[in-house]
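Descriptive structure summary
Read off the chains here:
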Protein chains: 2
Amino acid sequence: MLTLGNGYLATRGAAPEASADGVHYPGTYLAGFHNRLPGGAGRPDGEESIVNLPNWLPLTFRPAGGDWYAPGRARRVHEHRMLDLRRGVQLRELVVVDPDRRRTRLRQRRLVSMANPHFAALETSIVAENWSGRLELRSGIDGGVSNAETAARVGAGGRHLADVTGGANDDAIWLTAVAAGSRQPVAVTARTTVGVVDAAAPATRTVVRDAAAVAEMYAIDVLAGTPITIDKTVAVFCGRDRAVHDPLTAAAEALRWAGTFAVLLADHVAAWDRLWSRFRLDVGEEHVWQLPLRVQTFHLLQTLSPHTVDLDAGVPARGLHGEGYHGHVFWDELFVYPYLNLRLPELTRALLEYRYRRLPAARRQAAAAGMAGALFPWQSATSGRDESPVRSPSPVTGEWQDDRTGRQHHVNLAVSYSVWRYWETTGDLSFLLDHGAELLIATARFWAGLATYDPSDDRYDIRGVLGPDEYHDGYPGRAGQGLDNCAYINVMVAWVLARADEACVLQDRHPGAAPWRAAAVPAGERRRWTHIARRLRLVFLPNGLLAQFAGYGDLVELDWDRYRRRYGDLRLLGPLLQAEGDDPNRYKISKQADVLMLLYLFSAEELTALIRGMGYHFDPARIPATVDHYLSRTTHGSTLSRIAHAWVLARTDRRRSFHMLLDALGTDLADPAHSSTREGIHLGATAGTLDILQRCYTGLEVRGDVLRLNPVLPEGMDQLDCVLRYRNRLLVLHVDCDQVRISAGPGADPPVPVAVQEQVHLLAAGAIVTVPLRRRDPGADRA
Amino acid sequence: MLTLGNGYLATRGAAPEASADGVHYPGTYLAGFHNRLPGGAGRPDGEESIVNLPNWLPLTFRPAGGDWYAPGRARRVHEHRMLDLRRGVQLRELVVVDPDRRRTRLRQRRLVSMANPHFAALETSIVAENWSGRLELRSGIDGGVSNAETAARVGAGGRHLADVTGGANDDAIWLTAVAAGSRQPVAVTARTTVGVVDAAAPATRTVVRDAAAVAEMYAIDVLAGTPITIDKTVAVFCGRDRAVHDPLTAAAEALRWAGTFAVLLADHVAAWDRLWSRFRLDVGEEHVWQLPLRVQTFHLLQTLSPHTVDLDAGVPARGLHGEGYHGHVFWDELFVYPYLNLRLPELTRALLEYRYRRLPAARRQAAAAGMAGALFPWQSATSGRDESPVRSPSPVTGEWQDDRTGRQHHVNLAVSYSVWRYWETTGDLSFLLDHGAELLIATARFWAGLATYDPSDDRYDIRGVLGPDEYHDGYPGRAGQGLDNCAYINVMVAWVLARADEACVLQDRHPGAAPWRAAAVPAGERRRWTHIARRLRLVFLPNGLLAQFAGYGDLVELDWDRYRRRYGDLRLLGPLLQAEGDDPNRYKISKQADVLMLLYLFSAEELTALIRGMGYHFDPARIPATVDHYLSRTTHGSTLSRIAHAWVLARTDRRRSFHMLLDALGTDLADPAHSSTREGIHLGATAGTLDILQRCYTGLEVRGDVLRLNPVLPEGMDQLDCVLRYRNRLLVLHVDCDQVRISAGPGADPPVPVAVQEQVHLLAAGAIVTVPLRRRDPGADRA
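About the thresholds
- Residues numbered from 1 in each chain as written.
- Chains lettered and ligands numbered in written order.
- Predicted model: local features only at pLDDT ≥ 70, side-chain atom pairs only at ≥ 80, totals over all residues.
- Heavy atoms only, no water.
- Helix = DSSP H or I, 4+ residues; strand = E, 2+ residues; numbered from the N terminus.
- Buried < 20%, exposed > 50% of the residue type's maximum accessible area, 1.4 Å probe, protein only.
- Contact = heavy atoms within 4.5 Å.
- Areas by Shrake-Rupley, 256 points an atom, 1.4 Å probe, with all protein chains shown as cover.
- Least-squares fit on C-alpha atoms with pLDDT ≥ 70 in both.
- Pairing = 2+ DSSP bridges.
- Axes fitted to C-alpha atoms, helices over the stretch in contact; angles between N-to-C directions.
- Core = buried A, V, L, I, M, F, W, Y, C linked by side-chain atoms within 4.5 Å.
- Buried area = accessible area lost by both parts, 1.4 Å probe.
- Salt bridge = Lys/Arg side-chain N within 4 Å of Asp/Glu carboxyl O.
- Polar contact = N/O pair within 3.5 Å; in protein donor to acceptor, adjacent residues only side chain to side chain.
- Nonpolar A, V, L, I, M, F, W, Y, C, P; charged D, E, K, R; others polar.
- Parallel < 35°, antiparallel > 145°, perpendicular 65-115°, else oblique.
- UniProt positions renumbered as here; feature names shortened; annotations may be inferred.
- Expected span 1.5 Å × (residues − 1).
- Phe/Tyr/Trp six-rings, centres within 6.5 Å; stacked < 30°, edge-to-face > 60°.
- pLDDT = per-residue confidence, 0-100.

We now examine the overall build of chain A. The number of helices and strands found in chain A is 19 helices and 26 strands. Looking at chain A as a whole, 63% of its 783 residues qualify as buried. Partitioning the intrachain contacts of chain A with sequence separation of at least 6 by distance along the chain shows that 68% fall at a separation of at least 24. Accessible area of chain A: about 27300 Å², with a carbon and sulfur share of 50%.

Structural data, given as structure tokens:
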């Protein structure tokens with residue numbers, strides 16, 4: 001719940017966080033500590049993408065003779081937490097009164113450095129408000145952390161650190177461990193300095209250890225009202241870090257060179273300043289969206305920062321913020337890259353290379369299923385192998401039941417889509433030819449292998465598959481056996497087959513840029529791709545709308561009013577039906593966007609051309625009706641759904657689009673206590689909301705090496721200012737209801753073509769192009 | 001010693017190799033297994049860049065009741081080893097007779113896959129020639145390997161694998177270990193299949209283990225004259241590998257999917273075919289250089305292959321072929337990149353990023369010495385920290401003495417030079433701005449900080465430093481205290497300061513391409529760089545030649561004839577003088593190219609402009625005299641020296657250049673038994689020799705985005721054919737005494753400007769440009 005704040009300040013609950021007092025800490029929040037430690041076992045023999053690091057935060061105190069402060073052990077008369085987004089600093093103020101009525105005030109500032117991802121720091125100021133005497137402090141590193149957030153629900157979790165060893169030297173403590181699964185070593189070092197103002201005696205220090213933790217204790221005489229300041233500086237390294245021999249030596253060396261809290265803070269703030277200037281997305285300081293937009297940007301950059309580029313990191317569904325899905329990677333990247341492509345395209349490239357490195361695993365997965373090409377699993381972790389659960393508990397009854405979501409084979413389509421959009425946006429030919437082409441070709445081979453030819457009408461069918469909508473995994477009575485000719489799948493496959501062929505053409509045209517081991521795809525295979533792409537079957541409803549899959553039209557309409565009356569919130573409609581002994585497969589309902597995903601991924605023009613290219617009549621004027629049909633039957637059981645829906649509504653219902661986006665912005669803010677945000681943010685939705693402002697409301701697309709803008713602001717939004725990085729240029733874009741203004745930074749770059757409402761302008765370095773917008777037809781909303 | 005072979009086949013001794021029969025194996029030969037296992041301790045608390053992997057080769061046999069075959073335990077009546085360069089396969093034939101006169105013939109083919117760097121395979125065929133009966137085989141993995149090659153000499157080495165554990169399942173054996181220093185886990189799995197032709201009974205299998213090894217044993221009935229074939233397929237993974245959760249799971253999974261030897265061989269040969277087609281460098285199949293050139297290419301690609309690109313790997317001085325220098329990284333890359341820039345520029349970029357990742361360590365090294373900027377150590381390993389020895393044994397007396405080579409601070413100049421040449425050759429602006437500029441700026445800051453201003457003549461001095469020539473580390477009587485105004489250092493510094501400034505200009509001109517955290521260099525600092533670059537002091541000898549350093553002219557001439565008579569080979573002149581109680585610092589002698597390095601790194605035109613830019617008169621006509629002066633006083637104590645010298649002689653003495661290059665080609669071939677090649681190849685010399693053909697004899701340089709050729713073939717070489725990868729184009733270059741022919745592959749790339757003898761031609765895709773060469777003035781050789 002957002003209780004207060006300006007555009008850069010969020011308080012209480014803006015982030016899921018356990019109490020930060022030495023009891024438990026979810027490891028990676030205020031991140032930078034990314035993917036360092038693969039290896040815990042989410043389920044027996046399973047892998048996780050991320051596991052907790054040793055907890056570096058423990059810092060507590062007691063008046064001599066009293067109890068160590070811990071939640072529940074003293075009376076908190078005041079507590080306030082605040083997240084300073086601009087500086088990336090978490091602030092906390094706490095006043096406690098112990099049973100002897102000693103009142104102590106504690107102020108903390110905490111950072112995980114954006115300047116150097118190996119550093120974290122905690123500054124603590126303590127004031128004995130109404131007492132004087134001996135104060136004891138304990139500052140430690142705890143290797144006894146465990147993944148406890150989701151353990152109760154999914155029966156997994158537990159301790160992931162083994163072989164914990166700790167020690168101390170004259171001015172620092174250290175702790176090493178190995179990840180239980182991967183055997184990766186990790187080391188944390190910490191230096192705590194106690195600065196005493198006006199005190200008679202210096203602090204004395206002792207070191208204490210137990211099986212899984214190490215700490216140093218200070219005893220110090222304090223005077224009522226006189227603050228003492230404690231700086232804790234921390235370095236963390238693991239065996240995956242590059243340019244590191246062994247983590248402990250690296251962490252000790254880094255700590256030796258680390259500056260004071262003030263120095264670390266200054267470097268950290270400077271790094272965030274530079275990031276904010278590149279990730280600017282402003283709708284006006286007073287606008288209700290401004291703070292949520294910054295919170296989303298902050299969360300995104302906590303998970304995927306410039307420091308991620310040199311890591312072998314993927315896009316975990318829940319960011320680095322919690323333990324949901326064990327850090328697994330799904331298809332969320334599809335919603336993340338479009339935003340990054342225009343901000344930090346190096347990051348998209350690096351994240352796609354994460355997929356490329358797991359292509360061998362994806363090929364094995366396809367081969368194990370008797371298929372050609374490559375099949376990226378629905379859920380994967382470090383090694384890229386399939387980590388999809390086969391059973392999971394119902395969110396309604398808690399009973400364990402078969403989980404068939406792992407049969408979704410469309411992740412390779414999402415990866416291929418991302419490859420092509422990255423190339424289209426950046427013009428990065430070397431990536432496309434080095435790695436992108438191989439991903440496209442492997443995907444094309446998988447789906448071409450799955451398509452069966454029906455000579456009766458010269459059509460190809462793709463049978464027995466699942467689209468994104470998880471409420472449909474088979475026909476009524478045949479749950480789990482898949483569906484035939486899903487519109488989402490078949491349109492995407494047709495598009496990917498054409499792109500794979502186009503990549504082959506580019507390899508032929510640039511033989512010197514192709515990688516040393518590129519093997520040409522046989523001409524006959526490429527001809528088959530082209531034929532399939534033109535003749536894949538789509539199914540339409542009697543009213544001419546695209547059917548979600550063959551047979552969708554025969555399904556039963558749900559009595560929505562009845563179920564709304566019965567349950568209120570229908571986000572869990574599927575499990576609710578199952579709990580009643582019913583089967584969601586019977587109904588014309590969707591958990592999430594499926595057909596509508598096509599309108600999210602393709603412009604109306606593109607989609608029209610694509611479907612017509614498949615030999616079907618398609619009238620773009622029927623798009624609003626298609627949106628209406630599916631949207632009115634969707635429960636938004638997935639956070640990603642709202643992104644796709646806010647997107648498709650932008651051109652048909654500007655008011656609903658605004659509210660849909662407002663909902664999406666609230667995903668991880670509105671009610672974290674009762675949402676699954678406690679298991680981590682929803683990274684796809686986080687980036688997707690930003691992208692709606694960046695690309696959808698501006699009508700931004702890159703086609704034919706032209707940056708095209710065609711803005712339609714939603715109701716309730718008057719202006720938008722953002723910074724784009726496009727083809728190595730920094731562009732500043734301003735959109736309001738009357739005009740578009742786009743300016744290029746100074747320099748020597750050649751002019752870049754920019755089209756506003758289809759009119760092309762050449763934008764030279766240092767120049768500004770201002771274009772008045774043609775008024776939209778006011779009746780266009782429901783056209 | 002090369003005893004036989006065609007252009008792709010080398011036999012006996014072409015590679016340093018211990019006997020491959022389960023006793024000892026130097027780990028990484030027939031490589032691909034690169035930088036996987038950092039972490040052994042070369043010296044107490046020291047780091048190595050590479051350490052041995054578990055030995056996967058052990059495969060031995062015995063007639064039942066006899067002894068296991070091992071060198072020394074049976075009479076070898078025939079042994080022959082051969083390296084098939086084209087296919088990357090090592091062949092071995094062995095006939096042994098045991099004390100019972102049983103004669104057994106063994107043929108082996110061995111590969112480490114170039115198609116998949118995690119695979120290795122060994123195919124063995126055994127024929128009982130004059131006996132029938134029970135044959136036993138033992139095939140294992142040995143974790144008890146140690147670094148023994150250099151142990152005796154340098155007192156280091158030893159076992160680097162700890163926590164060795166082995167086991168077996170139904171069809172494979174496995175072994176895991178951790179590197180003792182870095183705690184990195186490693187795993188090897190092996191599957192041995194025994195194919196029996198015409199045998200009555202199938203083989204029986206048992207598994208045996210000891211503390212550091214695991215093996216499987218087969219017993220089989222053989223008939224005289226009937227061969228049996230044993231395939232051993234191996235997978236290796238370590239914790240540094242990307243897309244790997246834990247190495248053992250990865251190695252087991254990879255092995256499960258690995259094909260037969262025939263399949264692995266086919267993939268491997270296809271990969272080598274593609275590599276050879278990209279690394280072609282032909283002087284004619286009958287030419288005495290052809291085989292050595294292919295051997296050098298092979299060794300280079302064993303160490304630095306396309307698979308290296310995704311690793312965090314540097315350029316170890318001795319390749320992956322031995323334990324010399326503990327795998328440390330020096331400055332050899334300076335000689336390697338120019339060749340790679342025109343073949344596999346992605347590899348240069350990746351290797352320079354290795355340096356970039358160690359920039360923090362280099363900054364700390366500079367700071368620890370009270371300097372600004374960054375100081376790359378003379379010897380470094382995994383983490384980039386200084387691993388230069390402070391004492392080492394004299395190669396003459398074996399006595400330990402101070403080793404001051406670590407005071408060479410010029411590695412950052414070499415790295416900066418490589419950054420700029422890479423950018424100039426490839427036009428890769430993003431690398432220059434992302435990482436290159438930071439390397440250049442940090443180097444500029446180091447040297448600008450070291451330069452002191454002398455207002456008396458408006459000159460800057462750089463005092464107390466060492467150039468590449470290790471025979472001079474101080475003035476007579478002040479050994480180890482450094483020299484003033486080394487020509488190599490000061491010219492390089494002037495050049496680097498100008499390039500750092502130019503990089504800043506490029507950052508200003510392309511603000512959108514500059515990385516998010518680029519911080520502008522203050523204008524005042526850049527002005528100071530420019531001033532220093534123009535006013536650094538050079539010292540000249542009375543005859544006008546450039547002095548190696550200030551005071552060089554005052555040194556004593558050595559009585560070369562006397563020392564030649566006394567010692568014959570003077571390659572160890574420095575240590576010989578020290579053993580006599582003399583000091584090499586007293587004499588006008590050089591261990592290796594120093595001033596002449598400038599002529600290797602810069603064309604005569606560039607160097608002339610550079611020195612004139614520093615405010616000195618410089619007549620390029622005096623270059624031959626400079627070459628004569630220093631060459632006649634150089635002992636070639638470094639293998640790199642011959643590269644620089646063959647280069648500078650190419651334009652002044654074509655005959656000597658030919659012989660110098662022939663010497664260089666022989667470095668790791670001519671006499672491995674008595675050379676230091678047993679401790680590894682000399683990678684700088686290996687690539688440097690290839691580069692002399694590629695760039696020097698062709699007169700190839702890239703300047704102003706034009707590929708320039710100005711060929712002067714040495715005597716004894718009539719033609720040269722090579723493939724270049726230039727600006728993402730594959731070009732085929734033919735040079736002979738009469739003409740240059742350059743052709744571009746087909747495709748859609750725009751024409752590229754190519755200049756032959758300063759005449760610019762536009763080379764279109766699919767086109768051929770043939771240019772007759774103007775005859776050189778026959779008297780030019782000694783001009």
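What follows picks up the thread again.
Another aspect to go through is the relation of the copies chain B and chain A. Between chain B and chain A, which share one sequence, the superposing operator has a rotation angle of 180° and an axial displacement of 0.0 Å; the RMSD is 0.0 Å. Here the transformation between the copies is reduced to the relation of a two-fold axis. Across chain B, the rotation axis passes nearest the C-alpha of arginine 240 of chain B, at a separation of 3.0 Å. Both copies share a contact surface, since 100% of the interface residues of chain B are interface residues in chain A too.

This part takes up the sheet that holds strand β19 (residues 701-703) of chain A. Residues and elements named next belong to chain A. Read across the open sheet, the 4 strands follow the order β19-β20-β24-β25; overall the sheet is mixed. In this open sheet, the two strands that pair with only one neighbour each are β19 and β25 (759-763). The sheet shows a mean angle of 30° between the axes of neighbouring strands, direction not considered.

Formed by 167 residues in total, the largest nonpolar core has its most connected members in Trp289, Trp331, Met597, Phe602, Leu693 and Tyr697 of chain A. Contact partners of leucine 693 of chain A, with chain neighbours within four places excluded, come to Leu281, Val283, Trp289, Leu293, Leu661, Thr698, Met717 and Leu720 of chain A. In terms of nonpolar packing, the next biggest core, distinct from the first, is built from 166 residues, Leu83, Tyr422, Leu599 and Cys722 of chain B among them.

The partner chain A presents 58 residues to the 58 residues of chain B that form the contact. Together, the buried faces of chain B and chain A total about 4800 Å²; carbon and sulfur atoms form 53% of this surface. Where chain B packs against chain A, one counts 4 salt bridges. Arginine 364 of chain A serves as the salt-bridge partner of glutamate 253 of chain B, at 3.6 Å between the closest nitrogen and oxygen. Viewed at the interface, chain A and chain B are joined by 25 residue pairs in polar contact (both at pLDDT 80 or more). Taken together, the residues of the side of chain B that touches chain A break down into 22 nonpolar, 15 polar and 21 charged.

Bringing the packing of helix α7 (residues 359-368) of chain B against helix α9 (residues 429-450) of chain B into the picture now. Residues and elements named next belong to chain B. Packing of α7 against α9 brings their axes to within 12 Å, and their N-to-C directions diverge by 5°. With respect to α9, the axis of α7 lies roughly parallel. Counting all contacts with α7, which are made through Leu359, Arg363 and Ala366, the residues of α9 involved are Glu438, Leu439, Ala442 and Phe446.

For the rest of this paragraph, the subject is unusual backbone geometry. Backbone geometry places arginine 183 of chain A, a non-glycine residue, at a positive phi of 65°. Examined against the element boundaries, arginine 183 of chain A turns out to sit in the loop between β9 (173-179) and β10 (185-196). Classification of arginine 183 of chain A as partly exposed rests on a relative accessible area of 36%. If you check the backbone angles, aspartate 705 of chain B has positive phi at about 60° while not being a glycine. Checked against the element boundaries, aspartate 705 of chain B lands in the loop between β19 (701-703) and β20 (706-709).

Looking at where histidine 307 of chain A falls in the secondary structure, it is placed in the loop between α4 (290-303) and α5 (333-341). At 2.5 Å, the side chain of histidine 307 of chain A forms a polar contact with the backbone oxygen of methionine 114 of chain A. With residues near it in sequence (within four places) discarded, histidine 307 of chain A still touches Met114, Ala115 and Pro117 of chain A together with Trp516 and Arg517 of chain B.

Attention shifts here to the UniProt feature "domain: Glycoside hydrolase family 65 C-terminal" (unreviewed entry) in chain A. In this numbering, the UniProt entry assigns the feature "domain: Glycoside hydrolase family 65 C-terminal" (unreviewed entry) to residues 700-762 of chain A. Taken end to end, residues 700-762 of chain A comprises 0% helix and 60% strand; its first and last C-alpha atoms sit 16 Å apart.

Now for the sheet that holds strand β2 (residues 59-63) of chain B. Residues and elements named next belong to chain B. Reading across the sheet, the 4 strands line up as β2-β7-β12-β11 and stay open at both edges, with antiparallel pairing between neighbours. Each edge of the open sheet is held by one strand with a lone partner, namely β2 and β11 (204-210). When the angles between neighbouring strand axes are averaged without regard to direction, this sheet yields 20°. Of the strand pairs in this sheet, β11 and strand β12 (residues 213-222) are connected by 7 bridges, and their pairing is antiparallel. Each residue of the ladder has a partner; that of arginine 205, found in β12, is tyrosine 218.

In this section: helix α6 (residues 345-357) of chain A. All names here are of chain A. A rise of 1.5 Å per residue sets the reference length of α6, with its 13 residues, at 18 Å; its end C-alpha atoms lie 18 Å apart and thus fit the reference within 8%. Taken across its 13 residues, α6 has 11 buried, putting it largely inside the fold. Along α6, the positions that sit buried rather than exposed are Pro345, Leu347, Thr348, Ala350, Leu351, Leu352, Glu353, Tyr354, Arg355, Tyr356 and Arg357.

Take the pattern of salt bridges next. Close approach of charged atoms allows side chains with opposite charge to pair. Residue and element names in this part refer to chain A. The tally for this structure, following the rule as stated, stands at 108 salt bridges over all chains. Note that arginine 363 is salt-bridged to glutamate 438, the shortest N-O span being 3.2 Å. Of this pair, arginine 363 sits in helix α7 (residues 359-368) while glutamate 438 sits in helix α9 (residues 429-450), placing them 75 residues apart in sequence. Given the relative accessible area of 32%, arginine 363 is considered partly exposed. Exposure remark for glutamate 438: the relative accessible area of 26% places this residue in the partly exposed category. Via salt bridges that share partners, Asp454, Asp457, Asp461, Arg463, Asp484 and Arg537 belong to a single interconnected network.

This part takes up the pairing of strand β9 (residues 173-179) of chain B. All names here are of chain B. With 6 of 7 residues buried, β9 lies mostly within the body of the structure. Examined bridge by bridge, strand β8 (residues 161-168) and β9 share 6 bridges and lie antiparallel to one another. Looking at β9, one finds that alanine 168 is bridged to isoleucine 173. The loop that links β8 with its antiparallel partner β9 comprises 4 residues.

The subject of this paragraph is the packing of aromatic side chains. Residue and element names in this part refer to chain A. Applying the stated criterion across every chain yields a total of 50 aromatic pairs over all chains. Consider the rings of tryptophan 289 and phenylalanine 658, whose centres lie 4.5 Å apart with planes at 20°: the pair is stacked. Of the two residues, tryptophan 289 is situated in the loop between β14 (281-282) and α4 and phenylalanine 658 in helix α18 (residues 654-665); the sequence distance between them amounts to 369 residues. Overall, phenylalanine 658 belongs to the buried group, its relative accessible area being 10%.

What follows covers the side chain of histidine 629 of chain A. With respect to the helices, strands and loops of the structure, histidine 629 of chain A is situated in helix α16 (residues 623-631). Those residues within four positions of histidine 629 of chain A in sequence are excluded, and the remaining contacts are Leu541, Leu545 and Tyr552 of chain A.

All names here are of chain B. Among the structural elements, glycine 195 can be located in strand β10 (residues 185-196). The exposure class of glycine 195 is partly exposed, given its relative accessible area of 33%. Put simply, glycine 195 and isoleucine 230 are 35 residues apart on the chain and 6.1 Å apart in space, counted from C-alpha to C-alpha. Apart from the residues within four sequence positions on either side, glycine 195 is in contact with Ile228 and Thr229.

Take the environment of valine 329 of chain A next. Assignment of secondary structure puts valine 329 of chain A in the loop between α4 and α5. Along the chain, valine 329 of chain A and histidine 472 of chain A lie 143 residues apart, while their C-alpha atoms are 22 Å from each other.

Moving on: the confidence of the model for chain A. Residue and element names in this part refer to chain A. Averaged over all residues, the pLDDT of chain A equals 87, while 90% of them reach at least 70. Low confidence marks residues 1-6, where pLDDT is under 50. Its contacts with residues over four positions away, or in another chain, come to 15 contacts. Taken together, the chains of this predicted complex give a pTM of 0.94 and an interface ipTM of 0.92.

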